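Read off the chains here:
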Amino acid sequence: MENSESLPPTSNITVRRGEPLVVVTDVNKHFGELHVLKNINAQVNRGEVVVVIGPSGSGKSTLCRAINRLETIDDGVISIDGQVLPAEGKALAHLRADVGMVFQSFNLFAHKTVLENVTLGPIKVRGVSRREAEARAMQLLERVGVANQAKKMPAQLSGGQQQRVAIARALAMDPKVILLDEPTSALDPEMINEVLEVMIDLANDGMTMIVVTHEMGFARKAADRVIFMADGEIVEEATPEEFFTTPRSTRAKDFLSKLLSH
């Protein structure tokens, strides 16, 4: 579980807390009889890295997907940069463009090259010229360490490379916030660090990030705040130092003791 503890030392994360960017108010979500999100209230400020952790089935990924409206909610309000997330239509597409998403399973377009994957959004959604989009895409691919793979198809890349392309694709839209839903859980152990390093780099640069992860080393190193969820509820919120050294709830103590005993 502690794969990421071996990450190279980085400079301290610069916390640049700004005004509230993502605000979740009284959000509920059911899947049939199952109440997966129970009166969720949370806030993520501009420039903040919030890591959401908890046991499987606690609602972490559902919350992450609800913030991008990939999952509908039953009631409550989610706002991004002061705008309430609409249920559907052009307004939703417009607002969703400000929210980057990186999935567990990469979700790259298999029939498009790496470069095409990264330029598609800026060209189609933002109306950027192809030349400008390609120049920016190459800068981002360079930044995540896969510029030399630009002409390849996703299937020709390792899992770690594909996930780094997915991060570049999210960044290409100049999002206000990036959601990362279990970004390393489909990767082989040796590929996990290369993705975590990119994420730590983004955190250092002040990118607002909401990260659902099992990588406790990343949470300790990069998070401004840890949100611990269990049974569809936010059980506690704390700084990484507080959460990992003195968790307040029985659920969190139980969760951490199981991790540490592995």
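Every value quoted in this text rests on a predicted model; they were computed, and no experiment measured them.

## So, the sheet that holds strand β9 (residues 225-230)
Here is step 1: Ordered by their spatial adjacency, 6 strands build an open sheet running β6-β7-β8-β3-β9-β10, and the pairing between neighbours is mixed. Single-partner strands in this sheet number two, and they are β6 (99-102) and β10 (233-238). Across the sheet, the mean angle from the axis of one strand to that of its neighbour is 20 degrees, orientation sign disregarded.
Here is step 2: In the sheet, strand β7 (residues 177-181) pairs with strand β8 (residues 209-212) via 4 bridges, with the strands oriented parallel. Directly across from D181, in β8, lies its bridge partner V212.
Here is step 3: Strands β3 (49-53), β7 and β8 of the sheet are contacted by helix α6 (residues 189-204), whose axis makes an angle of about 150 degrees with β8.

## Remarks on the nonpolar core
Here is step 1: Among the nonpolar cores identified, the biggest contains 54 residues, and I53, L141, I167, M199, M209, F218 and F243 are the most heavily contacted of them.
Here is step 2: If we ignore the near neighbours within four places in the chain, the residues touching F243 are I53, V226, F228, E236, A238, A252 and L256.

## Regarding the UniProt feature "domain: ABC transporter" (unreviewed entry) in the protein chain
Here is step 1: In this structure's numbering, the residues bearing the UniProt feature "domain: ABC transporter" (unreviewed entry) are residues 22-256.
Here is step 2: Across residues 22-256 one finds 39% helix and 26% strand; the C-alpha atoms that close the span lie 27 Å apart.

## So, the packing of aromatic side chains
Here is step 1: In this structure the tally under the stated criterion is 3 aromatic pairs.
Here is step 2: Considering the side-chain rings of F228 and F243, the 5.7 Å spacing of their centres and the 35 degrees angle between planes classify their relative orientation as tilted. Pair noted here: F228 is in strand β9 and F243 is in helix α8 (residues 240-245), with a separation of 15 residues, a long-range link. Here F228 matches F243 in class, with each residue buried.
Here is step 3: An angle of 50 degrees between the planes, with centres 5.3 Å apart, marks the rings of F228 and F255 as tilted. Here F255 lies in helix α9 (residues 250-260) and F228 lies in strand β9, a separation of 27 residues in the sequence.
Here is step 4: Taking the relative accessible area as the measure of exposure, F255 reaches 12% and is therefore buried.
Here is step 5: The structure contains a cluster of three or more aromatic residues connected by ring pairs, namely F228, F243, F244 and F255.
Here is step 6: The ring of F244 has R220 lying over it, and the distance from NZ or CZ to the ring centre is 4.6 Å.

## Considerations on the pairing of strand β4 (residues 75-80)
Remark: a regular strand shows side chains that alternate across the two faces of the sheet.
Here is step 1: By the bridge criterion, 5 bridges tie strand β1 (residues 20-31) to β4 in an arrangement that is antiparallel. Within β4, the position partnered with V23 by the bridge is S79.
Here is step 2: In this sheet, strand β5 (residues 83-84) lies alongside β4 in antiparallel orientation, the contact comprising 2 bridges. Bridging from a neighbouring strand, I80 pairs with Q83 of β5.
Here is step 3: Linking β4 to β5, which pair antiparallel, is a turn of 2 residues; within it D81 sits at a positive phi near 55 degrees.

## A word on unusual backbone geometry
Here is step 1: For N39, which is not glycine, the phi torsion reads 45 degrees and is therefore positive.
Here is step 2: Even without being glycine, N107 reaches a positive phi, approximately 55 degrees.
Here is step 3: Using a relative accessible area of 38% as the deciding quantity, one classes N107 as partly exposed.

Procedures and definitions
- Throughout this document, residue positions are counted from 1 along each chain, in the order its sequence is written.
- This being a predicted model, a pLDDT of at least 70 is required before a residue's local features are given, and a value of 80 or more before pairs of side-chain atoms are given or counted; all residues contribute to the totals for chains, interfaces and linings.
- Hydrogens and waters are ignored; side-chain quantities use all the structure's heavy atoms.
- Pairing between strands is defined by DSSP: at least two bridges between the two strands are required.
- Strands here mean DSSP runs of E at least two residues long; helices mean DSSP runs of H or I at least four residues long; both are numbered from the N terminus.
- To obtain each axis, a line is fitted to C-alpha atoms, and for helices this fit is confined to the stretch in contact; angles are then taken between N-to-C directions over 0 to 180 degrees.
- Residue contacts are defined here by distance: any two heavy atoms, one from each residue, within 4.5 Å place the two residues in contact.
- Grouping buried Ala, Val, Leu, Ile, Met, Phe, Trp, Tyr and Cys residues that are joined through side-chain atoms within 4.5 Å yields what is termed a nonpolar core.
- Think of it in three bands: residues with accessible area under 20% of the maximum for their type are buried, residues over 50% are exposed, and the middle band is partly exposed, with areas taken using a 1.4 Å probe on protein chains only.
- UniProt positions are given in the numbering used here, feature names are shortened, and annotations may be inferred rather than shown by experiment.
- Working definition: a ring pair exists when centres of Phe, Tyr or Trp rings (six-membered ring for Trp) sit within 6.5 Å. Plane angles under 30 degrees give stacked, over 60 give edge-to-face, the rest tilted.
- Two thresholds decide whether a charge sits over a ring: the Lys NZ or Arg CZ must be within 6 Å of the ring centre and within 35 degrees of the ring normal.

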